[in-house]
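Secondary and tertiary structure notes
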Amino acid sequence: MKHLFLALALVIIMPSFAQDKDEKKDKKEKKEKKEKLPRPDEKFFYKDATIETDDYKLYIVDAVSVGAYSKFKIKVFNKTNDYLFVKPGEFMYKSDKNTVGNTEKGFVVAPNDEDSKVVDFKGKQMQAKNFEIEVKGIYKVSAGGKVIDVPNFDLPPSKNDFTAGNFTCTLKKHDANTDKAAAKFQCAYNGDGVGIISPYKSACVMPNGSENANAKKNTGILLEKGQSDDFTVIFNEIAGAGDLQKKAIKVKWNDTFKESKLMRLNDAKVDMVKDEEKKR
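Cut-offs used in this document
- Residues numbered from 1 in each chain as written.
- Predicted model: local features only at pLDDT ≥ 70, side-chain atom pairs only at ≥ 80, totals over all residues.
- Heavy atoms only, no water.
- Helix = DSSP H or I, 4+ residues; strand = E, 2+ residues; numbered from the N terminus.
- Buried < 20%, exposed > 50% of the residue type's maximum accessible area, 1.4 Å probe, protein only.
- Contact = heavy atoms within 4.5 Å.
- Polar contact = N/O pair within 3.5 Å; in protein donor to acceptor, adjacent residues only side chain to side chain.
- Pairing = 2+ DSSP bridges.
- Axes fitted to C-alpha atoms, helices over the stretch in contact; angles between N-to-C directions.
- Disulfide = S-S within 2.5 Å.
- Salt bridge = Lys/Arg side-chain N within 4 Å of Asp/Glu carboxyl O.

Here the focus is the environment of Tyr93. Along the chain, Tyr93 turns up in strand β6 (residues 92–94). Judged by relative accessible area, which is 0%, Tyr93 ranks as buried. If near-sequence neighbours (up to four positions away) are discounted, Tyr93 is found in contact with Ser70, Asn98, Thr99, Val100, Phe121, Met126, Ala128, Phe131, Glu132 and Ile133. In terms of polar contacts, Tyr93 uses its side chain to reach the backbone carbonyl oxygen of Met126, at 3.1 Å.

A separate point is the sheet that holds strand β22 (residues 249–252). Sheet architecture is open: four strands sit in the order β13-β22-β18-β19, paired in antiparallel fashion. Of all strands in the sheet, those bounded by a partner on one side alone are β13 (153–155) and β19 (211–213). On average, each strand axis in the sheet is inclined to that of its neighbour by 30°, with strand direction left out of account. Sheet topology places strand β18 (residues 203–205) next to β19; three bridges connect them, and they run antiparallel. Each residue of the ladder has a partner; that of Cys204, found in β19, is Asn212.

What follows covers the state of the cysteines. A full pass over the atoms with the stated rule returns one disulfide. Disulfide pairing is shown between Cys169 and Cys187; the S-S distance is 2.1 Å. Between Cys169 and Cys187 the sulfur-sulfur dihedral comes to about 115°; the bridge is accordingly right-handed. Separated by 18 residues along the polypeptide, Cys169 in strand β15 (residues 167–176) and Cys187 in strand β16 (residues 180–189) bring together distant segments of the chain. Residues Cys169 and Cys187 agree in their burial class; the two are buried.

Burial along strand β11 (residues 138–141) is two-sided: Ile138 and Lys140 and Tyr139 and Val141, pointing in opposite directions, are all buried. Of the pairings in the sheet, the one linking β11 to strand β24 (residues 262–264) comprises three bridges and is antiparallel in character. Among the inter-strand pairings, Lys140 is bridged to a residue of β24, identified as Met263.

This paragraph deals with the environment of Gly220. For Gly220, the position within the fold is in the loop between β19 and β20 (221–224). According to the relative accessible area criterion, Gly220 is buried, its value standing at 8%. The spacing of Gly220 and Lys201 is 19 residues in sequence and 9.8 Å in space, taken between C-alpha atoms. Other than its neighbours up to four places away in sequence, Gly220 contacts Tyr83, Val108, Ile197 and Tyr200.

The next subject is the pattern of salt bridges. Applying the stated criterion to the full structure yields 14 salt bridges. Of the charged contacts in the structure, one is a salt bridge between Lys250 and Asp154, with a shortest N-O distance of 2.5 Å. One end of the pair, Lys250, is in strand β22; the other, Asp154, is in strand β13, with 96 residues separating them in the sequence. Of the residues examined, Lys250 reaches a relative accessible area of 36% and is grouped as partly exposed. Between Arg264 and Asp267 there is a salt bridge whose closest N-O contact spans 3.3 Å. Judged by its relative accessible area of 41%, Arg264 falls in the partly exposed class. Its relative accessible area of 43% is what places Asp267 among the partly exposed residues. Look at the salt bridges and you will find they share partners, linking Glu52, Lys57 and Lys79 into a network.

All quantities given are derived from atomic positions and should not be read as evidence of function.
In structure tokens, the structure reads:
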């Protein structure tokens, strides 16, 4: 009988011991896991990555994450004779803990040129050893769009604004000296496609009738419906062509204003991997 009671006691007590042991193990594992979490200010650095298509080559460099954000620089080389409109605001960050977007503005890459931008994703626990970037929002815009005919613009101005096709422009500033004349315009696009403004194609008609190219080598501007941007044109003195301060000139727009369409390029994905050797 005594042995029977002892056996019953063990049957009752053993599950309790096992439960205590499991609870202690769980607490220990949670504690160890908590201890392994990086500090919020600890930086994770990542290996550079590249995507290449028939239209562009995109580099992701200088990627770094801390607890509150992950950011990197994208460099885009345009392999085409058309414009690329890159909208980083459509990119997505994905890890086992987060799916995060961003609010970065788009930028234009001129034909056979390159440009770059820093992209910043904000969130929580962004220090992932691996994460994926969904590269969306890269568009091609034909450089051979419809040319918008714009009348010559007087400097000094007879009026401060003009409308041509779906473009509305306003003269914001005008300065003229003997050796140089400059004008700053702000233009808005209200069409259903995309407006292209190429200020470097403009010229001025000098007081003696000769033409003088814009000395300000702007890159192209792309505008979607409702968007606006500004640009500056600069015309330097030509010996014997007339004093730019005392004589009136005209801005000749040539093919500065065009209208085209956006063509979305295929989405891509790139895996970002923590660089265990990189620390700074």
